[in-house]
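Here are the chains, one letter per residue:
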Amino acid sequence: MLRHYNSLIFFIFIASTSCKEQKQSHANEQEFEPISISFQNERAEYEPIKPIHFIDSDPNKVALGKLLFHDNSITKNGKSSCASCHNLKKGGADYTAISKGVDTTDGVLNTPSVYNAVFNFRQFWDGQASDLTEAVHDTVSLTKNAGISWTKAIWVINHDGQYTEMFQHLYNGDISKKTITDAIVGYEKTLVTPSRFDRFLLGDEEAISKQERKGYQLFKEYGCGSCHQGVNIGGNMYQKLGIVRDYFKDHDTIKKVDWGRFNITQKQSDKFSFKVPSLRNVSLTAPYLHNGEVQTLKQAIQVMAVYQIGRNIPDNEINDIEAFLQSLTGEELEKHNQ
Ligand code: HEC
Ligand code: HEC
């Protein structure tokens, strides 16, 4: 399976590279020779959603990062870890609207999934972190309230035989903020979840049901794909929540976090803008939106219809779109839970 995805993606890569590639040395051309561009690759090219691909990561780093990601002993209260909020058995998030921080302060935002986060153009709802490395630093810092303390983490790791051996092997014994982050990011890069829908994109017509196909058609016709697009079906642009109808006018209270991207740029035009969330595994990550106020996937689609599209989508079509969104759930999620 793994190899299957990789090679197909590789084909697409080759098919979509420009003439620049062709001018390259003949040694390369020989490797590419047996590849023919088939119908299945064409589909992947013209659809708004692109098939997912695996990302290489050093297996030793992955093993170390996985331990750290799940380790309660490196947090201040010794009771939680990254996995407490980003539970890999719960779609890489948790089932609460707003995850409580491990300190006394409460959190303010709904936890996004860590699955496939590597494909986001920026991290966090407001795009504050530029990549996974910054996301770890920001998560650990007080404002994000993960409760992980670098001092404690480094102390714990220094006093643990298995950890010191792994750090010795990978980082010449350097146990620091930099290397701890590097290992966690190395692990996060592997939290990639190919779905039945990816197989469909790659040409397997039977991979999704008739209803799911209809749902996808509607998703495109209603223009959902203009915002939720690319490899992560989101995660590649900011958009205003309430672009067609004022979402916050229908709310009694507006909090600072609701200003979204504005909090970073101070530009009025960024007010209420958020990174468009990925829809991969979305059926597992209720409740929805940055404030976690929408309970079900159906309601989330209805909210989108009203505030992002300005249309009233009939119930039967909402069901079809929901079915399509369910086909975006990773097929081998359990392998990340072991
Ligand atoms: C207390 C719950 C909690 C803990 C613990 C936690 N996170 Fe998060 N995580 C969040 C919330 C909430 C956000 C969204 C924050 C925002 O947008 O400002 C987030 C965002 C992220 C993102 C960005 C995802 C995206 O789509 O933008 C990544 C990556 C991430 N966390 C990784 C981690 C890692 C690694 C750890 C452990 C070092 C960790 N988190 C610990 C709650 C938590
Ligand atoms: C104009 C851009 C835009 C369009 C069009 C759009 N969305 Fe969204 N979508 C967003 C943004 C931005 C958010 C996050 C808003 C927030 O949390 O404040 C979002 C959130 C969602 C969520 C919740 C995800 C989560 O993890 O919380 C779902 C589900 C969703 N959209 C599905 C759809 C569907 C289905 C359509 C078409 C009917 C659609 N969207 C159309 C921008 C858009």
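Residues numbered from 1 in each chain as written. Chains lettered and ligands numbered in written order. Predicted model: local features only at pLDDT ≥ 70, side-chain atom pairs only at ≥ 80, totals over all residues.

Peer 1: Go over the overall build of the chain, please, and point to the residues and values.
Peer 2: For the chain, the count of helices and strands is 15 helices and 2 strands. The burial tally for the chain puts 38% of its 338 residues in the buried class. (Helix = DSSP H or I, 4+ residues; strand = E, 2+ residues; numbered from the N terminus. Buried ≥ 20, exposed ≤ 12 C-beta atoms within 10 Å, placed from the backbone.)

Peer 1: Help me get a handle on the site of ligand 2, residues and values and all.
Peer 2: Taken together, the neighbourhood of ligand 2 is formed by 27 residues, with Cys-224, Cys-227, Tyr-288, Leu-289 and Met-304 sitting nearest. Grouping the constituent residues of the shell around ligand 2 by class yields 20 nonpolar, 7 polar and no charged. (Near = placed C-beta within 6 Å. Nonpolar A, V, L, I, M, F, W, Y, C, P; charged D, E, K, R; others polar.)

Peer 1: Any details on the environment of Gln-229? Residues and values, ideally.
Peer 2: Positionally, Gln-229 belongs in the loop between helix H12 (210-221) and strand E1 (238-240). With 20 C-beta atoms counted inside 10 Å, the residue Gln-229 sits in the buried group. Expressed as a C-alpha distance, the spacing of Gln-229 and Ser-278, which sit 49 residues apart in the sequence, is 8.4 Å. In this view, Gln-229 contacts Pro-48, Ile-49 and Asn-236; residues no more than four positions away in its chain are not counted. (Contact = placed C-beta atoms within 7 Å.)

Peer 1: Requested: an account of unusual backbone geometry, with residues and values cited.
Peer 2: With an omega of -5°, the peptide bond between Ala-286 and Pro-287 qualifies as cis. Secondary-structure assignment places Pro-287 in the loop between strand E2 (273-275) and helix H14 (297-309). Despite not being glycine, Gln-266 shows a phi value in the positive range, around 65°. Inspection of the secondary structure puts Gln-266 in the loop between helix H13 (262-265) and E2. The phi dihedral of Leu-289 falls on the positive side, at around 75°, and the residue is not glycine. Take Leu-289: it is sitting in the loop between E2 and H14.

Peer 1: Could you give me a rundown of the nonpolar core, with the residues and numbers involved?
Peer 2: Leu-68, Ala-183 and Ile-184 are the most contacted members of the largest nonpolar core, which totals 32 residues. Breaking this core down by element, the ones donating at least two residues are helix H5 (59-69), helix H7 (132-140), helix H8 (150-158), helix H9 (161-171) and helix H10 (177-188). When residues are assigned to domains, this core turns out to be shared by domain 2 (59-188) and domain 3 (196-332), each giving three or more. Sequence-distant contacts of Ala-183, that is, excluding residues within four places in its chain, are made with Lys-61, Leu-64, Gly-65 and Leu-68. Residues Tyr-216, Cys-224, Leu-297 and Leu-325 belong to the second largest nonpolar core, which totals 22 residues. (Core = buried A, V, L, I, M, F, W, Y, C linked by C-beta atoms within 7 Å. Domains from an automatic or database assignment.)

Peer 1: I'd like to hear about the site of ligand 1, residue by residue, with values.
Peer 2: Taken together, 27 residues are adjacent to ligand 1, and Cys-82, Cys-85, Pro-112, Phe-124 and Trp-125 come closest. For the shell around ligand 1, the elements supplying multiple residues, two or more each, are helix H6 (82-85) and H7. Take the shell around ligand 1: its biggest share by element is 5 residues, from H7. Considering only residue class, the shell around ligand 1 consists of 16 nonpolar, 11 polar and no charged.

Treat this as a map of the structure, not an account of what it does.
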